[in-house]
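Residue-level structural notes
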Amino acid sequence: MKIFKTVAIALMVGSVSFAAVAAKEVTKEEVQKLKLEKIGTVNTTAETTSPMDAKAVLSKLADEKGGKYYLIIAGREHGKFSAVAEVYK
């Protein structure tokens, strides 16, 4: 029973720490209001099967680029989903 509690706590802590690091999607208005600095763009491949998967990929790519925020500027559905986003810090 103690091992189960330890594993459950480790999973909860791991999920919280991931959420704290993930880049956040913002709107154009938030970019202007917060005066965010653009540091580049990222794009998904056409392998994601839902819009939420595409957003998760964009968030991860923005993190890897050093960004804290991303703004989706283009999206396409063609059996699968792809998207392009600007990355901000």
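Residues numbered from 1 in each chain as written. Predicted model: local features only at pLDDT ≥ 70, side-chain atom pairs only at ≥ 80, totals over all residues. Heavy atoms only, no water.

1. Considering the overall build of the protein
Broken down by element type, the protein carries three helices and four strands. Going from the N terminus to the C terminus, the protein shows its helices and strands as α-β-α-β-α-β-β. Looking at the protein as a whole, 25% of its 89 residues are labelled buried. Just so you have it, the protein exposes about 6,400 Å², and 61% of that area is on carbon and sulfur atoms. (Helix = DSSP H or I, 4+ residues; strand = E, 2+ residues; numbered from the N terminus. Buried < 20%, exposed > 50% of the residue type's maximum accessible area, 1.4 Å probe, protein only. Areas by Shrake-Rupley, 256 points an atom, 1.4 Å probe, with all protein chains shown as cover.)

2. Description of the sheet that holds strand β4 (residues 81-88)
A sheet is described by the order of its strands in space; here four strands give the open sequence β1-β3-β4-β2, paired in mixed fashion. The two strands at the open ends of the sheet, each matched to only one other strand, are β1 (24-25) and β2 (38-43). Examined bridge by bridge, β1 and strand β3 (residues 69-77) share two bridges and lie parallel to one another. The residue of β3 that forms the bridge with Glu-25 is Tyr-70. Relative to the sheet, helix α3 (residues 51-64) contacts β1, β2, β3 and β4, its axis offset from that of β3 by approximately 140°. (Pairing = 2+ DSSP bridges. Contact = heavy atoms within 4.5 Å. Axes fitted to C-alpha atoms, helices over the stretch in contact; angles between N-to-C directions.)

3. Section: the environment of Lys-68
Relative to the helices and strands, Lys-68 resides in the loop between α3 and β3. Note on Lys-68: relative accessible area 57%, which makes it exposed. Along the sequence, Lys-68 and Ala-22 sit 46 residues apart, while their C-alpha atoms lie 7.3 Å from each other.

4. Describing the nonpolar core
The nonpolar side chains of a soluble globular protein tend to be buried with one another. In terms of nonpolar packing, the biggest core is built from eight residues, these being Ala-23, Val-42, Leu-58, Ala-62, Tyr-70, Ala-83, Ala-85 and Val-87. Breaking this core down by element, the ones donating at least two residues are α3 and β4. Counting residues per element, this core draws most heavily on β4, which supplies three residues. Residues Val-26, Val-31, Leu-36 and Leu-71 belong to the second largest nonpolar core, which totals five residues. (Core = buried A, V, L, I, M, F, W, Y, C linked by side-chain atoms within 4.5 Å.)

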